[in-house]
Amino acid sequence: MRYFIITYGCQMNKSDSERLSSFLKDNGLSVASSIKEADLILVNICSVRQKAVDRAEAKIKEIKKLKKTICLTGCLLDKDRKRFEKIVDFIFKIKDVSDLHKVIKKKKKIIPDYFKIKPDQSNFIPIMTGCNNFCTYCVVPYTRGREISRKPEEIIKEAEYLIKKGAKIIWLLGQNVNSYEHNFPELLKKVYQLPGKFWLQFISSHPKDFSEELIKAMKRCRINYLNLPVQSGDDEILKKMNRPYNIKSYKEKIKKIKKEIPGIALSTDIIVGFPGEKRKHFENTKKLFKEIGYDMAYINKYSPREGTEANLLKDTVSPKEKKKRERELTAILAETALKNNKKYLGKTIEVLVIEKNIAVTKSNKKIKINPSEIGHFKKIKVTKACSWGLSSL
Ligand code: SF4
């Protein structure tokens, strides 16, 4: 039996799909190179944006015409569940992956150990799932439930195994790693101390509980990239989003991080056009962008999601204006990222080859390289810099 996985959404979903794939392979299935060739189609859905749900539904209807068995998993609101129940064969929660046996008709009962993952150059290890924060625009606490942290011993064992098998970057993954219940800075240090040559990264953090202890642990573990989602540069909008910090405290944290880890690459997540976001609020976001000088930003135009608190607010910003704000922020980002990337010019740095002609830096930047062996670290000299990457050619 051959399977094909279609993944929508965030890194957590991508990580779950990788694990799902390993699990299926361990149970005798093989991966198909296309939907057409597969017997079983797994759709790992994301409900964060209505658009993603609609896209998944359209895709499933298209696959249905090919008379395939379709299973659905991922972030799913109850109201969407009803809608999908009519068009797929089976819906399962990712943590109940062993239920898939009902579909793959295996008698052997398997209790997956958050199902095993096959090593790659870059491996994501979920350290926790769910979220307790209830940002007003977000469905994650409803679809993934409350925070559940995995035990440190389990995570360390998994990291150790992956490094031994050749993983070169270990990403510790959670919706909000800072609220990991067994001390996240300690976990970072323990993973960092594992033998073997690898880089350590993590994603994602909430600014409200980003501690000094964590900054120190990052420095000790030589982490040179941080995603710290600010979502808006305006205190009034942050309040409406139920993000319990203000821009002053966010900037202070960034200042400390930059002082402790000079040259750190910073990225953020932003929502433009949140209900009630006026030009004056948006100008504060632009100001923040210029002040921080991000290396990367994931800029999203607000779209209402049923089931969230923000859905009760009037969507006041027109699609045209949202697009305009997105463009304005992207233009600032292009300038700040270019300025940061130019600092690499002429320097010889260590990179990890991820594709024949592409490598990644420890600061999570892509760099063009001469054809090289995938999965190897190498030293290269940076000769060109643009906003969205580097080159050594
Ligand atoms: S912190 Fe907020 S945005 Fe992130 S997953 Fe939790 S509720 Fe959603």
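Keep in mind that what you see is a predicted model, and the values were worked out from it rather than measured.

Student: Would you mind showing me how to read the domain arrangement of the protein chain here?
Tutor: Quite often, the size of an interface is put as the accessible area lost when its parts meet. Splitting the protein chain by domain gives domain 1 (2-104), domain 2 (122-341) and domain 3 (348-391). Computed from C-alpha coordinates alone, the two centres of domain 2 and domain 3 are separated by 24 Å. Overall, the association of domain 2 and domain 3 removes approximately 1,600 Å² of surface from exposure, summing both partners, and the carbon and sulfur fraction of that is 64%. Considering only the surface of domain 2 that becomes buried against domain 3, Lys-168, Trp-199 and Asn-341 emerge as the three largest contributors, covering 42% of it.

Student: So what exactly am I meant to see when it comes to the sheet that holds strand S2 (residues 30-31) here?
Tutor: Either a parallel or an antiparallel arrangement is found when strands of a sheet pair, and the pairing is made through backbone hydrogen bonds. Overall, parallel pairing links the 5 strands, which are arranged S2-S1-S3-S4-S5 in an open sheet. On the outer flanks of this sheet lie S2 and strand S5 (90-91), each paired with one strand and no other. The sheet contact formed by strand S4 (residues 69-74) and S5 spans 2 bridges and is parallel. Paired with Leu-72 across the strands is Ile-91, a residue of S5.

Student: Sorry if this is basic, but what is going on with unusual backbone geometry here?
Tutor: Phi is mostly negative for residues that are not glycine, and the peptide bonds are mostly trans. With an omega of 0°, the peptide bond between Ile-203 and Ser-204 qualifies as cis. The phi dihedral of Asn-242 falls on the positive side, at around 60°, and the residue is not glycine. Here Asn-364, not a glycine, exhibits a phi torsion of approximately 65°, which is positive. By the element assignment, Asn-364 lies in the loop between strand S15 (358-361) and strand S16 (366-368). Using a relative accessible area of 30% as the deciding quantity, one classes Asn-364 as partly exposed.

Student: I tried to follow the side chain of Ser-363 on my own but got confused; where do I start?
Tutor: You can see Ser-363 is positioned in the loop between S15 and S16. With a relative accessible area of 3%, Ser-363 lands in the buried category. When neighbours within four sequence positions are excluded, Ser-363 is seen to be in contact with Asn-224, Tyr-225, Ala-265 and Tyr-344.

Student: Explain the pattern of salt bridges here, please?
Tutor: Note on pairing: side chains with opposite charge can pair once their charged atoms come close. One pass over the full model with this rule turns up 32 salt bridges. In this structure, the salt-bridge partner of Arg-2 is Glu-37, at a minimum N-O distance of 4.0 Å. Pair noted here: Arg-2 is in strand S1 (residues 2-7) and Glu-37 is in the loop between S2 and strand S3 (40-45), with a separation of 35 residues, a long-range link. Looking at Glu-37, the relative accessible area reads 37%, which means it is partly exposed. Note that Lys-324 and Glu-328 form a salt bridge whose closest N and O atoms lie 3.4 Å from each other. Of this pair, Lys-324 and Glu-328 are both found in helix H12 (residues 319-342), 4 residues apart, which corresponds to roughly one turn of the helix. Judged by its relative accessible area of 40%, Lys-324 is partly exposed. Through salt bridges with shared partners, one network takes in Glu-277, Arg-279, Glu-283, Lys-286, Glu-321, Lys-324, Arg-325 and Glu-328.

Student: Is there a simple way to explain the nonpolar core in this structure?
Tutor: Nonpolar side chains in soluble globular proteins tend to be buried together. Within the largest apolar cluster, 63 residues are counted, with the highest numbers of intra-cluster contacts made by Ile-170, Leu-172, Phe-184, Leu-188, Val-191, Phe-202 and Met-218. With 5 residues, the top contributor of residues to this core is helix H6 (residues 152-164). With sequence-adjacent residues up to four places away left out, Ile-170 is seen in contact with Asn-123, Ile-125, Ala-159, Leu-162, Ile-163, Val-191, Phe-198, Trp-199, Leu-200 and Gln-201. Core analysis: the next-biggest nonpolar cluster, separate from the first, contains 20 residues, Ala-38, Val-43, Ala-56 and Leu-72 among them.

Student: Whenever I open this one, the packing of aromatic side chains confuses me. Can you help?
Tutor: Aromatic rings in a pair are described by how distant their centres are and how their planes are angled relative to each other. The tally for this structure, following the rule as stated, stands at 10 aromatic pairs. An aromatic cluster is built from Phe-124, Trp-171 and Tyr-225, whose rings are joined through pairwise contacts.

Conventions adopted
Residues numbered from 1 in each chain as written. Predicted model: local features only at pLDDT ≥ 70, side-chain atom pairs only at ≥ 80, totals over all residues. Heavy atoms only, no water. Domains from an automatic or database assignment. Buried area = accessible area lost by both parts, 1.4 Å probe. Pairing = 2+ DSSP bridges. Helix = DSSP H or I, 4+ residues; strand = E, 2+ residues; numbered from the N terminus. Buried < 20%, exposed > 50% of the residue type's maximum accessible area, 1.4 Å probe, protein only. Contact = heavy atoms within 4.5 Å. Salt bridge = Lys/Arg side-chain N within 4 Å of Asp/Glu carboxyl O. Core = buried A, V, L, I, M, F, W, Y, C linked by side-chain atoms within 4.5 Å. Phe/Tyr/Trp six-rings, centres within 6.5 Å; stacked < 30°, edge-to-face > 60°.

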